[in-house]
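# Chains, contacts and geometry: an overview
If you want the building blocks of each chain, they are given just below.
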There are 2 protein chains.
Amino acid sequence: MAKRESNVDRVYEALRRMAADFAFKPDQRINESALSEVLGASRTPLREALNRLVAEGFLTFQNNRGFFCRPLTPSYIMDLYEARVAVECEATRLACTRAADEDIAALADYLNRMEPEYESATDPEELLAMDESFHARLAQLSGNSELQRILNNLNGRIRYIRLIDLKRMRDRAGGKAPGDISAHRQIAEGIAARNTDAAVTAMRSHIEKRREEATEAVRIAFSQLYVPDE
Amino acid sequence: MAKRESNVDRVYEALRRMAADFAFKPDQRINESALSEVLGASRTPLREALNRLVAEGFLTFQNNRGFFCRPLTPSYIMDLYEARVAVECEATRLACTRAADEDIAALADYLNRMEPEYESATDPEELLAMDESFHARLAQLSGNSELQRILNNLNGRIRYIRLIDLKRMRDRAGGKAPGDISAHRQIAEGIAARNTDAAVTAMRSHIEKRREEATEAVRIAFSQLYVPDE
DNA sequence: ATACTCAAAACTGTATGCAGTTTCGAATTC
DNA sequence: GAATTCGAAACTGCATACAGTTTTGAGTAT
């Protein structure tokens, strides 16, 4: 029986989750020996996975000093959100131009089917997964796999902040995170009508709204990361 | 005396150049042992470098089968150009909004200083370097390092096709590649006037024009890659 | 000739060991 | 007490070895 998944892949997936969740604190040095023991692999596959994550921007690297968790600063998060605007607005534009009618209809369907779940969801992780899913599906409509790839990478690095943000909103709203599906619907309707300007404008303002919230979330994230007990 | 540059870095740089130039043919399997001998390093640092390149999209990877050169298809090149539109238009927009007057002036200065060299240049590699330099500088004006990072990656993967394209234009124009600096100037003027729409529109049409040429260049690239003698 | 089989050869996946570099902390000096 | 030195400990960088997988091609059958 052939082994289907390599050790590197397994280690990579584990590390990506850890990096996305800031299981390593910002700028923290990563000890390869200790980590390889935790992950049950030797340093060779571990370092291969770490190199991938460096190339993806989840970690940094310094010669003879090893791997470090990426820093967490307001301007870094700002950059990521602005890059999302670039990628998603163009994806929206392309979707308006060239997506098949049935695929657009499928996106609208998806929104309808998700709405009850979205409105009733209380778990930030669940809400975030649904939100990301919508954006990923929309990027698919662009038919451009580079844009999808870039978006996936950006979302991975933003995820932690968005989660903090959603938790904050839930706590302020008394146990209920607000599922803002209306913005998504507005975007989807713009695409369905092949109204490029309307759809792109809706997308831009949707992401930029989130970006503004995120600045505050970074401050909170900082305090959370330096109080390691849950 | 401390060693300043690691083996991995050196190997990575060499591989990036090779991958950018399609020193490996599309979909070709990469033999680690042979390559490590050529590069004068063992397989361990080589594989670390190869993993970075996979994460950056220069290579692909299959379990137990190793590393492969990325494929070269019209739709792949199209995707890269569309991603460039996304990134560079947003960078232009941000530059209009927030770049310092003196930095914008520096860009215009750069264009002026370059113009004689640009008009007289006959070497496609030189022309391309100058073109990329303009776009990189403009991205810098956005103040967003993610957009710069993404653009750098996209340009690396597009470079080979652009080179083919420039060579084709040179050959058709009789030994002289056309240095189309006017489009760059138009973009720079739009930014200087803080006229976002004009600058973004100019940037979009500039890249899209190049994208259309590129489709033909892919066909030529194919034929060049499969006639290995220079 | 073509298709199939299977063992040898070639190649990838990963653990391990050691050399070179950085980090840490006790001892020393001011 | 604060700063400095320096040797030991810890860690990273990389070559090598070997186990497991894939590829190749000679031999065989159709």
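Residues numbered from 1 in each chain as written. Chains lettered and ligands numbered in written order. Predicted model: local features only at pLDDT ≥ 70, side-chain atom pairs only at ≥ 80, totals over all residues. Heavy atoms only, no water.

## Focus: the nonpolar core
The criterion, for reference: What is meant by a nonpolar core is a set of buried Ala, Val, Leu, Ile, Met, Phe, Trp, Tyr and Cys residues, joined one to another through side-chain atoms within 4.5 Å. Here's how the labels work: a residue is buried when its accessible area is under 20% of the maximum for its type, exposed when over 50%, partly exposed in between, all with a 1.4 Å probe on protein chains only. Here a residue-residue contact requires only that any non-hydrogen atoms of the pair lie within 4.5 Å.
Of all hydrophobic cores here, the largest spans 152 residues; its most connected members are L15, I77 and I161 of chain A together with L15, I77 and I161 of chain B. Dropping the residues within four chain positions of it, I77 of chain B is found in contact with L72, I161, A214 and V218 of chain B.

## Notes on the sheet that holds strand β1 (residues 29–30) of chain B
Within a beta sheet, neighbouring strands are joined by backbone hydrogen bonds and run either parallel or antiparallel to one another. All names here are of chain B. To keep it simple, the criterion reads: We call two strands paired when DSSP finds no fewer than two bridges between them. Counting from the N terminus, the helices are DSSP H or I runs at least four residues long and the strands are E runs at least two residues long. Structural elements are reduced to axes, namely lines fitted to C-alpha atoms, with helices fitted over the stretch in contact, and the angle between N-to-C directions of any two is expressed from 0 to 180 degrees.
What the 3 strands build is an open sheet, ordered β1-β3-β2; its pairing is antiparallel. Pairing within the sheet leaves two strands with one partner each, and these edge strands are β1 and β2 (59–62). Bridge analysis of β2 against strand β3 (residues 66–69) gives 4 bridges, and the strand direction is antiparallel. Each bridged residue has a counterpart across the sheet, and for Q62 the counterpart in β3 is G66. The strands that helix α3 (residues 43–55) touches are β2 and β3; relative to β2, the one it contacts most, it runs at about 110 degrees.

## Notes on the packing of aromatic side chains
Using the following cut-off: Aromatic contacts are taken between Phe, Tyr and Trp rings whose centres are within 6.5 Å, Trp giving its six-membered ring; a plane angle under 30 degrees counts as stacked, one over 60 as edge-to-face, and the others as tilted. Note on criteria: charge over ring means Lys NZ or Arg CZ within 6 Å of the ring centre, with the direction from the centre no more than 35 degrees off the ring normal.
This structure, assessed with the given rule, holds 4 aromatic pairs over all chains. With centroids separated by 4.8 Å and ring planes inclined at 50 degrees, the aromatic side chains of F61 of chain B and F67 of chain B adopt a geometry described as tilted. With relative accessibility at 27%, the residue F61 of chain B sits in the partly exposed group. The ring of Y12 of chain A carries R52 of chain A above its face, with NZ or CZ at 5.3 Å from the centroid. If you follow R137 of chain B out to its NZ or CZ, it ends over the ring of Y110 of chain B, 4.0 Å from the centre.

## Some remarks on the domain arrangement of chain A
Residue and element names in this part refer to chain A. Test applied: A domain assignment, automatic or from a database, supplies the domain bounds used here. Note on terms: buried area is the combined drop in 1.4 Å-probe accessible area of two parts once they are placed together, counting the loss on both. A 3.5 Å cut-off defines polar contacts: any pair of N or O atoms within that distance qualifies, except that in protein one atom must be a possible hydrogen donor and the other a possible acceptor, and neighbouring residues in sequence count only when both atoms are side-chain atoms.
Domain parsing of chain A yields domain 1 (7–69) and domain 2 (74–225). Between domain 1 and domain 2, the C-alpha centre-to-centre distance is 28 Å. The interface is formed by 9 residues belonging to domain 1 together with 8 residues belonging to domain 2. Taking both sides of the interface into account, the surface hidden between domain 1 and domain 2 amounts to around 790 Å²; carbon and sulfur atoms contribute 56%. Per-residue buried area on domain 1 facing domain 2 is highest for R16, A20 and F22; these three make up 45% of the total on that side. Between the two partners, domain 1 and domain 2, sit 3 residue pairs in polar contact (both at pLDDT 80 or more).

## Side note on the protein's contact with DNA strand C
The cut-off we apply is this: Here a residue is near a molecule or strand as soon as one of its heavy atoms is found within 4 Å of it. In this count, Pro and Cys sit with the nonpolar residues alongside Ala, Val, Leu, Ile, Met, Phe, Trp and Tyr, while Asp, Glu, Lys and Arg are called charged and the others, Gly among them, polar.
What surrounds DNA strand C is a group of 23 residues, the closest being N7, S42 and R65 of chain A together with N31 and R47 of chain B. Here DNA strand C approaches the protein such that, of its atoms within 4 Å, sugar and phosphate make up 71%. In the model, a phosphate oxygen of DNA strand C is placed 3.0 Å from a nitrogen or oxygen of the I30 of chain B main chain. At 2.3 Å from a phosphate oxygen of DNA strand C is found a side-chain nitrogen or oxygen belonging to R47 of chain B. For the surface near DNA strand C, the secondary-structure elements that each account for two or more residues are α1 (7–20) and α3 (43–55) of chain A together with β1 and α3 of chain B. In terms of residue count, α3 of chain A provides more of the surface near DNA strand C than any other element does, 3 residues in total. Grouping the constituent residues of the surface near DNA strand C by class yields 6 nonpolar, 8 polar and 9 charged.

## A few points about the protein's contact with DNA strand D
Around DNA strand D, 22 residues are found, and the nearest of them are N31 and R47 of chain A together with N7, S42 and R65 of chain B. Restricting the count to atoms of DNA strand D within 4 Å of the protein gives a sugar and phosphate share of 74%. Between DNA strand D and N64 of chain A, the relevant distance is 3.0 Å, taken from a phosphate oxygen to a main-chain nitrogen or oxygen of the residue. Between DNA strand D and N7 of chain B there is a distance of 2.6 Å, counted from a phosphate oxygen to a backbone nitrogen or oxygen. Among the elements of the structure, β1 (29–30) and α3 of chain A together with α1 (7–20) and α3 of chain B are those that each provide at least two residues to the surface near DNA strand D.

## Section: the relation of the copies chain A and chain B
Inclusion rule: In superposing the copies, a least-squares fit is computed on C-alpha atoms, taking residues whose pLDDT is at least 70 in both.
Overlaying chain A with chain B gives an RMSD of 0.0 Å, the required rotation being 180 degrees about an axis along which the chain moves by 0.0 Å. Between the two chains, the operation in question is that of a two-fold axis. Most of the interface of chain A is mirrored in chain B, where 100% of its interface residues are also at the interface.

## A short note on the packing of helix α6 (residues 124–141) of chain B against helix α7 (residues 145–172) of chain B
All names here are of chain B. For clarity, the cut-off: An angle counts as roughly parallel when it lies under 35 degrees, as roughly antiparallel when it exceeds 145, as roughly perpendicular when it falls between 65 and 115, and as oblique in every other case. Put simply, a crossing is left-handed when the front helix is turned counterclockwise from the back one by less than a right angle, and right-handed when it is turned clockwise.
Close contact between α6 and α7 brings their axes to 9 Å; oriented N to C, the two are set at 150 degrees. One finds that α6 runs roughly antiparallel with respect to α7. Here α6 runs over α7; the crossing is right-handed. Counted together, P124, E125, L127, L128, D131, E132, H135, A139 and Q140 of α6 and Q148, L151, N155, R159, R162, L163, L166, K167 and R170 of α7 form the full contact between these two elements. Looking at side-chain class alone, the contact of α6 with α7 contains 7 nonpolar, 4 polar and 7 charged residues.

## Let's talk about the state of the cysteines
Throughout this description, disulfide means a covalent bond between two cysteine sulfur atoms. Filter applied, for reference: Cysteine sulfur atoms are paired as a disulfide whenever they fall within 2.5 Å.
Summed over all chains, the structure comprises 0 disulfides over all chains. C89 of chain A carries a free sulfur, and the closest cysteine sulfur to it, the one in C96 of chain A, is 11 Å from it.

## Structural notes on the pattern of salt bridges
This is how the line gets drawn: Here a salt bridge means any side-chain nitrogen of Lys or Arg lying within 4 Å of a carboxyl oxygen belonging to Asp or Glu.
Scanning the model with the defined rule gives 38 salt bridges over all chains in all. Notably, a salt bridge pairs R159 of chain A with E132 of chain A, separated by 2.8 Å at the nearest N-O pair. Of the two residues, R159 of chain A sits in helix α7 (residues 145–172) while E132 of chain A sits in helix α6 (residues 124–141), which places them 27 residues apart along the sequence. By relative accessible area, which is 25% here, R159 of chain A ends up partly exposed. Measuring nitrogen to oxygen at the nearest pair gives 3.1 Å for the salt bridge that ties E216 of chain A to R219 of chain A. One end of the pair, E216 of chain A, and the other, R219 of chain A, are both in helix α9 (residues 196–225), 3 residues apart, so they sit about a helical turn from each other. Relative accessible area serves as the criterion here: at 54%, R219 of chain A is assigned to the exposed category. When salt bridges with common partners are traced through the structure, they connect E32, R43 and R47 of chain A together with E48 of chain B into a single cluster.

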